[in-house]
Amino acid sequence: MTSQWQNFLRNQGEWHGSFATINLAGEIEKESASVLLLESAEEDRLVRFRLRRFGPEGKGAEPISDHQQDYRSLGRQAVFFASGTFCKGSLQLAPQTPFGAEYGFIDANRRHRLVQLYDVAGRPSSLVLIREFRAGSGASERPPLEAEQLLGRWQGVRATVSADWAEPELSDCSTSFAGSDLRTAQLLPDGGYSRRPHQVSHREAFSVEAGWLSGPDRLERLVRYYDASGAWLSSCHEQLNRHGG
C-alpha cells in the first residue's frame, strides 16, 4: 500500500498550462498562463513547489506572481490516491466563511485540475479550471465534455479515504448517468465536469464532485463528503470504464 507522500510524489515534474476563471454561466472570464514545478530533494523527503503565473504577454514576460513553498509533510485537508490524483478542501464548513474544494486528476503527461468556490453565504461562486501538460511531452487537451459522453453505465474501482482512517478502502463500484443527473453538472473544457449543490450549510449533509473523461471510455470521479454538521467525512476516487466498452 503506497503512502500519501508517495502518491504526492507522482505529481513531480514541470507542468505548463493555464488558470481559467469560469462563471456560473460557464463562460471563461479571465485566463492566465502558468508554469508549475514540483521537484523532490533529500532522497524524496522534501518536495519543492514553485508556481509562476503570467499576464497577457504570456510566459515570455516576467510573472505576475511567483509562489514558492517547501513540503515535508501533508495536511489532512489533502488526500492523494495511488495514481497521484488528489482532492483537498475545507475540513469544516463554518457559518459566514468561504468554502471550497480542489480536485487534481493526473494521467501520464496530463493534469486536469478544478477549484470550486463558494461565497460566505454558502452559494456557488466561480470555478477555476487548470489544464496542465508535462513540459516537452507534446500532450494535448481533451475535447470539451458533452452530455452524451457521460450517459449510460460505468464500472470500475473506488478508493475511499475517511477522516479518521488514512488508508484507502478499495471496492468495486458502478454508476449510471441519466439526463436528469446531468442537469446538476456543469460541463467544462478538456473533458471535465463539476457537480455541486446550489447551497451548502453546516446544518445539512452534502457532497461536492468533479470528473474527468481522460479517454473516450475512461472516466474518473473525485467526491468529497460532508456530514450534517459541515465536517468533512471522506473522499473517494473512482476509476471507471464504460460498461460493455
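Refer to the structure presented above.
Scope of this entry: the structure provided in the associated data block.

What counts and how
- Residues numbered from 1 in each chain as written.
- Predicted model: local features only at pLDDT ≥ 70, side-chain atom pairs only at ≥ 80, totals over all residues.
- Heavy atoms only, no water.
- Phe/Tyr/Trp six-rings, centres within 6.5 Å; stacked < 30°, edge-to-face > 60°.
- Helix = DSSP H or I, 4+ residues; strand = E, 2+ residues; numbered from the N terminus.
- Buried < 20%, exposed > 50% of the residue type's maximum accessible area, 1.4 Å probe, protein only.
- 1 Å grid on protein atoms, 1.4 Å probe; cavity = no way out; pocket = protein on both sides within 12 Å on 5 of 7 lines; lining within 4 Å.
- Points joined across faces, edges and corners; volume = space filled by probe spheres on them.
- Nonpolar A, V, L, I, M, F, W, Y, C, P; charged D, E, K, R; others polar.
- Pairing = 2+ DSSP bridges.
- Polar contact = N/O pair within 3.5 Å; in protein donor to acceptor, adjacent residues only side chain to side chain.
- Contact = heavy atoms within 4.5 Å.

Description of the packing of aromatic side chains
Link 1 in the chain: All chains considered together, the criterion is met by 11 aromatic pairs.
Link 2 in the chain: Geometrically, the ring pair formed by Phe49 and Tyr71 is edge-to-face, given 6.2 Å between the ring centres and 85° between the ring planes. With Phe49 in strand β3 (residues 46-53) and Tyr71 in strand β4 (residues 65-71), this residue pair connects regions lying 22 residues apart in the sequence.
Link 3 in the chain: Taking the relative accessible area as the measure of exposure, Phe49 reaches 16% and is therefore buried.
Link 4 in the chain: Ring geometry for Phe99 against Tyr226: centres 5.3 Å apart, planes inclined by 75°, an arrangement best described as edge-to-face.

As for empty space enclosed by the protein
It is a probe the size of a water molecule, rolled over the atoms, that shows where empty space is left.
Link 1 in the chain: Across all of its chains, the model carries one cavity of 30 Å³ or more by this definition.
Link 2 in the chain: Here the largest cavity is characterised by a volume of approximately 30 Å³.
Link 3 in the chain: Residue lining of the largest cavity: Arg142, Pro143, Pro144, Leu145, Gln149, Gly191 and Leu213, and that is the complete set.
Link 4 in the chain: When its residues are assigned to classes, the lining of the largest cavity shows four nonpolar, two polar and one charged.

Focus on the pairing of strand β14 (residues 206-215)
Side chains on a regular strand alternate between the two faces of the sheet.
Link 1 in the chain: Summarising burial for β14: nine of the 10 residues are buried, a large majority.
Link 2 in the chain: In terms of strand pairing, strand β13 (residues 192-195) meets β14 through four bridges, oriented antiparallel. When the sheet's bridge partners are listed, Gly192 is paired in β14 with Trp212.
Link 3 in the chain: Hairpin geometry of β14 and strand β15 (residues 218-226) is characterised by an intervening segment of two residues between the two adjacent antiparallel strands.

Some remarks on the side chain of Arg110
Link 1 in the chain: On the secondary structure map, Arg110 appears in strand β8 (residues 110-118).
Link 2 in the chain: By relative accessible area, Arg110 is classed as buried at 6%.
Link 3 in the chain: In terms of polar contacts, Arg110 uses its side chain to reach the backbone carbonyl oxygen of Ser140, at 3.3 Å.
Link 4 in the chain: Polar contacts involving the side chain of Arg110 include one to the side chain of Asp190, which spans 2.6 Å.
Link 5 in the chain: If near-sequence neighbours (up to four positions away) are discounted, Arg110 is found in contact with Trp15, Phe105, Arg131, Glu132, Phe133, Ala139, Ser140, Glu141, Arg142, Asp190 and Trp212.

A closer look at the environment of Gly122
Link 1 in the chain: Looking at the secondary structure, you find Gly122 in the loop between β8 and β9 (124-134).
Link 2 in the chain: Look at Gly122 and you get buried, because its relative accessible area is 6%.
Link 3 in the chain: Residues Gly122 and Arg221, spaced 99 residues apart in sequence, show a C-alpha to C-alpha distance of 23 Å.
Link 4 in the chain: Contact partners of Gly122, with chain neighbours within four places excluded, come to His198, Gln199 and Val200.

In short, geometric facts, not functional conclusions.
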